[in-house]
Amino acid sequence: MSDAESRKQGDSDLIARVRAAARQEQFLEVVSAEAARARFEAHIELKPLSAERVALAEALTRVLAHDVVAAVDAPPFDRANVDGFALQAADTVGASDAAPKLFTLNAEVIACGDSPALEVKPGTATTIATGGVVPRGADAVVMIEHTELIGEGAPRIELTRAATPGQFISYAGSDIARGETLLRKGVRIGSREIGMLAASGLAAVDVVRRPRVAVISTGDELVPPGEALKPAGIYDSNGAIIGAAVVEAGGEAVPFGAIPDDRAALDKAVRSALGSCDMVVLSAGTSKGAGDLSHAVVAGLGAPGILVHGVALKPGKPLCLGAVGKLPFAVLPGFPTSAIFTFHAFVAPVIRVLAGLPPEAAQTIEARVPVRVASELGRKEFVLVSLVDGDDGPVAFPTGKGSGAVTSFSQADGFIEIDALASALEADARAQVTLIGAGAAAPDVTIMGSHDVALDVVVGALAERGFAARTLAVGSLGGVAAATRGQCDIAPVHLVDPRSGDYNKHLVTSELSLVPGWKRMQGLVFRAGDARFEGKNAAEAIKMALTGSDILMVNRNAGAGTRVLIDRLLNGARPAGYANQPKSHNAVAAAIAQGRADWGVAIEPVAKMYGLGFIPVAPEYYDFLVVESRKARPAVQAFLAALRDEVTRARIRAIGMEPAG
Ligand SMILES: Nc1nc2c(c(=O)[nH]1)N[C@H]1C(S)=C(S)[C@@H](COP(=O)(O)OP(=O)(O)OC[C@H]3O[C@@H](n4cnc5c(N)ncnc54)[C@H](O)[C@@H]3O)O[C@H]1N2
Ligand code: MOO
């Protein structure tokens, strides 16, 4: 083949690959969530699996298959609740220190486990231990402390307090009555239930067989947690979160690991899962891109096959649901938040039914959404939010990381719904927030603004002092806005005053005071060993970067303090890469470390963390705006104390920041 021919061959290979990679909108038919659920549930057997008997010790977290009726009373007999004497209350009337009543002791002592032999007659008493069986004839028990043993002659006691009938007696069946329904089916057995089952004499109990749910991740890029990341690899987080969520929903997760994008391998895994499990859950490869094999594999498994492919939801559009015979399968979208969101909406309810559990009760609260949230027309959109306490009730902030992020779901407090026919939720609208997770306890202090690694040190010191902080990274400007609106207690900021060049002082108002934090050095970062930068000062390095050929920068987003510095350094120049504007120091460092860019500006600790070279340029001041009306709160005071604390300051210094003052 000539050069030209082989180039042509290469081009047509590439075109074929691009064609194959093109995602085509070939969803079966995009349906509403309700229609999808109905179609799915109509084709599968939606009832609890069979019962199995397990020993009490194995019953923890299992679901009761039948109601449990108590076969015995607890206590099984009338029981003394104190150490003392069993007697007849009528004999005690009028007893006092001044006029004690005299009782002759019967010739037995009832310890726990003894069956009484003698009847308690008027004027007599029988010695009894806590837990002893109250003897015939007695109707009350008195405490030993209120009696005096008389030594001479036949043993007798003097009683100095009157007793009421029934005093210090627990009657048979008062705790658990024979014939009473002790526990109802569908209850998830915890330690408390185990105690009740044991008290009614049960050594084993019938529980619903746990649905076995195969969890299969797909994708060549996936790396199991614990192994080193390969270039372009990501950790298989879906497998882990879905497996754990299966268990939370009452199932048994059967992990199949991450299967590469290989049709035969995936087909084999899915068939083996179908043969051994009650449900199969895959993630990724459902969007119909080139590597998106999952739906193709499940399409070939047998009738009825794919029932739903495409729902009018965001996240969740590429969701695929189906069945083989009556056995359900689901292919969840690969994006982590889409995967777990659709799992909870479509898969968990099915697992709960199979597991014998009732539907999960959703808890909602009303909150104000302070910002406008745009939404795609035609898809019902779920927006994950963080909740903070505003001056006028709960405020819900969209977390804003998108469905590709793991933390969107994992760190959210709940979600709001935007109707498919709305193109946005307007700022300051009220919305119902469906809570997720165990409803995290309200934080003692809310910190909203710019994030910094050393802030974690202060928050840690606060935790050591017993205060829980909630931090929301909304950027310096977002922090100023939240503090002004009374939605947080403290706003960490680093904003330069364009007029004076000073940091943060211009943000002080009558409602917001400024507490100094620390200084962080910003500088030029580059791959260590890059001879074009090594040994140069900032001015020389910039000059080289602007004139050198084949040098690519990575910029920062408009509004970032660092961007102001970059523009000052560039003095109007627009070098290659200027339009690449990620939003964090970490993103800048990663781009340079991985060779997608050659230089940028970031703070020193981050440069260090990524093993990059660093040329100092200018310090940046990271301070705290404190909402005056909230300053007296104990947690805010503790935060300020932690900031001044020598131990905290040393820890801040250790990660490369210089604490103020
Ligand atoms: N041109 C279009 N592109 C995309 C569309 C579309 O309609 N047209 N749909 C988007 C939507 S919506 C979603 S959600 C994603 C989901 O696509 P797939 O289900 O096919 O998933 P992949 O493409 O294989 O992966 C997406 C993403 O998720 C990561 N991933 C996959 N598995 C895991 C795992 N086990 N743990 C962690 N992360 C995982 C994967 O690496 C990708 O980054 O597609 C949009 N694109
Ligand atoms: O399921 Mo996708 O999240 O709609 O982005």
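Throughout, a residue's number is its position along its own chain's written sequence, starting from 1. Each chain is given a letter, starting from A, and each ligand a number, starting from 1, according to the order in which they appear as written. Under the rules for a predicted model, residues below a pLDDT of 70 receive no local features and side-chain atom pairs below 80 are neither given nor counted, while totals for whole chains, interfaces and linings still include all residues.

- In the annotation of an unreviewed UniProt entry, the protein chain is listed under the name Molybdopterin molybdenumtransferase and assigned to Undibacter mobilis.
- UniProt positions are given in the numbering used here, feature names are shortened, and annotations may be inferred rather than shown by experiment. Looking at the protein chain in UniProt, the text filed under Catalytic activity (unreviewed entry) is "adenylyl-molybdopterin + molybdate = Mo-molybdopterin + AMP + H(+)".
- Quoted straight from UniProt, the Function (unreviewed entry) entry for the protein chain says "Catalyzes the insertion of molybdate into adenylated molybdopterin with the concomitant release of AMP."

1. A look at the overall build of the protein chain
(1) Moving on: In this description a helix means any DSSP run of H or I spanning at least four residues, a strand means any run of E spanning at least two, and both kinds are numbered starting from the N terminus. Helix and strand counts for the protein chain come out as 16 helices and 35 strands.
(2) Moving on: Against the globule reference of 26 Å for 661 residues, the protein chain gives a C-alpha radius of gyration of 35 Å, more extended than a compact globule.
(3) Moving on: Dimensions of the protein chain, computed from the C-alpha atoms along their principal axes, are close to 120 × 70 × 45 Å.
(4) Moving on: Contact criterion: two residues are in contact if their C-beta atoms, reconstructed from the backbone, are within 7 Å. In the protein chain, the proportion of contacts linking residues at least 24 apart, taken out of those at least 6 apart, comes to 72%. Restricting the calculation to C-alpha atoms gives the radius of gyration, and the globule rule supplies 2.2 Å times the number of residues raised to the power 0.38.

2. What about the site of ligand 1?
(1) Moving on: We count a residue as near a molecule or strand when its backbone-placed C-beta atom lies within 6 Å of that partner. Asn238, Ala284, Ser287, Pro333 and Gly334 are the nearest of the 26 residues found near ligand 1.
(2) Moving on: Counting only elements with at least two residues in the shell around ligand 1, the list comes to helix H4 (237-248) and helix H7 (336-354).
(3) Moving on: Tallying contributions element by element places H4 first for the shell around ligand 1, with three residues.
(4) Moving on: Among the residues making up the shell around ligand 1, the classes are represented as eight nonpolar, 13 polar and five charged. Just so you know the grouping, Ala, Val, Leu, Ile, Met, Phe, Trp, Tyr, Cys and Pro go in nonpolar, Asp, Glu, Lys and Arg go in charged, and all remaining residues, Gly too, go in polar.

3. Observations regarding the environment of Asp267
(1) Moving on: Within the secondary structure, Asp267 sits in helix H5 (residues 263-276).
(2) Moving on: Counting other C-beta atoms within 10 Å of each residue's C-beta, where C-beta atoms are placed from the backbone, gives the exposure class: buried for 20 or more, exposed for 12 or fewer, partly exposed between. Assessed through the 17 C-beta atoms surrounding it within 10 Å, Asp267 is described here as partly exposed.
(3) Moving on: Sequence separation of Asp267 and Ala296 is 29 residues, and the distance between their C-alpha atoms is 9.4 Å.

4. Digging into the domain arrangement of the protein chain
(1) Moving on: Each assigned domain of the protein chain is listed here: domain 1 (33-46 + 211-354), domain 2 (52-74 + 177-208), domain 3 (79-170), domain 4 (364-435) and domain 5 (441-661).
(2) Moving on: Per the annotation, domain bounds derive from an automatic or database assignment of domains. Computed from C-alpha atoms alone, the centre-to-centre distance between domain 2 and domain 5 is 57 Å.

5. Let's talk about the nonpolar core
(1) Moving on: One finds Ile216 and Val281 to be the most contacted residues of the largest nonpolar core, which totals 128 residues.
(2) Moving on: When residues in this core are grouped by element, the largest group, eleven residues, is from H7.
(3) Moving on: Apart from the residues lying within four places of it in its own chain, the contact partners of Ile216 are Phe256, Ile259, Ala269, Val270, Ala273, Val280, Val281 and Leu282.
(4) Moving on: Core analysis: the second largest hydrophobic core is formed by 25 residues, Phe533, Trp599, Ile603 and Val617 among them. Think of a nonpolar core as buried Ala, Val, Leu, Ile, Met, Phe, Trp, Tyr and Cys residues chained together by C-beta atoms that fall within 7 Å.

6. A few points about the confidence of the model for the protein chain
(1) Moving on: Each residue carries a pLDDT score, the predictor's confidence in it, ranging from 0 to 100. Taken as a whole, the protein chain shows an average pLDDT of 92; of its residues, 97% reach a score of 70 or greater.
(2) Moving on: ipTM for the predicted complex: 0.97, alongside a pTM of 0.85.

7. Considerations on unusual backbone geometry
(1) Moving on: A cis amide bond links Ala303 with the next residue in sequence, Pro304, at an omega value of -5 degrees.
(2) Moving on: Structurally, Pro304 can be placed in strand E18 (residues 304-309).
(3) Moving on: The backbone of Thr61 shows a phi angle near 70 degrees, a positive value even though the residue is not glycine.
(4) Moving on: Note on placement: Thr61 falls in the loop between strand E1 (51-55) and strand E2 (68-69).
(5) Moving on: Residues other than glycine seldom take positive phi values, yet Asn504 does so here, at roughly 70 degrees.
(6) Moving on: With respect to the helices and strands, Asn504 occurs in the loop between strand E31 (490-493) and strand E32 (512-527).

8. Digging into the sheet that holds strand E17 (residues 279-283)
(1) Moving on: At least two DSSP bridges between two strands are needed for those strands to be called paired. Pairing in this open sheet of six strands is mixed, and the strands run E16-E13-E17-E21-E20-E18 from one edge to the other. In this open sheet, the two strands that pair with only one neighbour each are strand E16 (252-259) and E18. Looking at each pair of strands side by side, their axes are set apart by 15 degrees on average, direction ignored.
(2) Moving on: One ladder, built from five bridges, connects E18 with strand E20 (residues 320-324); its direction is antiparallel. Bridge assignment links Val308 to a residue of E20, and that residue is Leu321.
(3) Moving on: Axis definition: a line fitted to C-alpha atoms, over the contacting stretch in the case of helices. Angles run 0 to 180 degrees between N-to-C directions. Across the sheet, H5 touches strand E13 (212-218), E16, E17, E20 and strand E21 (327-332), and the angle it forms with E13 is around 170 degrees.
(4) Moving on: Those strands touched by H7 are E13, E17, E20 and E21, and its axis lies near 170 degrees from that of E21.

9. Some words on the sheet that holds strand E6 (residues 124-128)
Note: strands within a sheet are paired through backbone hydrogen bonds, in either parallel or antiparallel orientation.
(1) Moving on: Spatial strand order, E7-E4-E6-E5-E9-E8: six strands in an open sheet with mixed pairing. Single-partner strands in this sheet number two, and they are strand E7 (140-143) and strand E8 (147-150). Here the average twist between neighbouring strands, direction ignored, is 40 degrees.
(2) Moving on: In terms of strand pairing, E8 meets strand E9 (residues 156-159) through four bridges, oriented antiparallel. Counterpart to Glu148 in the pairing with E9 is Glu158.

10. Some thoughts on the pairing of strand E28 (residues 429-435)
(1) Moving on: Two strands pair when backbone bridges link them, and strand E22 (residues 364-369) and E28 are joined in this way by six bridges, in the antiparallel orientation. Residue pairing across strands places Ile365 opposite Val433, the latter belonging to E28.
(2) Moving on: Inspection of the sheet shows strand E26 (residues 414-418) paired to E28 by two bridges, in the antiparallel sense. Within E28, the residue paired with Gly414 across the bridge is Leu435.

11. Details of the packing of H4 against H7
(1) Moving on: Here H4 crosses H7 at 25 degrees, and the two axes come no closer than 10 Å. Here H4 is positioned roughly parallel relative to H7, judged by the angle of their axes. As for how H4 packs across H7, the hand of that crossing is right-handed. Contacts between H4 and H7 involve Ser237, Asn238, Ile241, Ile242, Ala245 and Val246 on the former and, on the latter, Pro336, Ala339, Ile340, Phe343, Ala348 and Ile351. Angles below 35 degrees are treated as roughly parallel, those above 145 as roughly antiparallel, those between 65 and 115 as roughly perpendicular, and all remaining angles as oblique. By convention, the crossing between two helices is left-handed when the near helix turns anticlockwise from the far helix through less than a right angle, and right-handed when the turn is clockwise.

12. A word on helix H12 (residues 561-570)
(1) Moving on: Those residues of H12 that fall on the buried side of the exposure criterion are Gly561, Thr562 and Ile566. Buried residues of H12, seen end-on, are gathered within an arc of 140 degrees and therefore sit on one face of the element.
(2) Moving on: Of the surrounding elements, those touching the buried residues of H12 are helix H10 (475-484), E32, strand E33 (599-603) and strand E34 (612-627).
(3) Moving on: Directly after H12, the chain includes Asn571, whose backbone phi takes a positive value near 50 degrees. What the arc covers is the set of directions going from the helix axis to the C-beta atoms.

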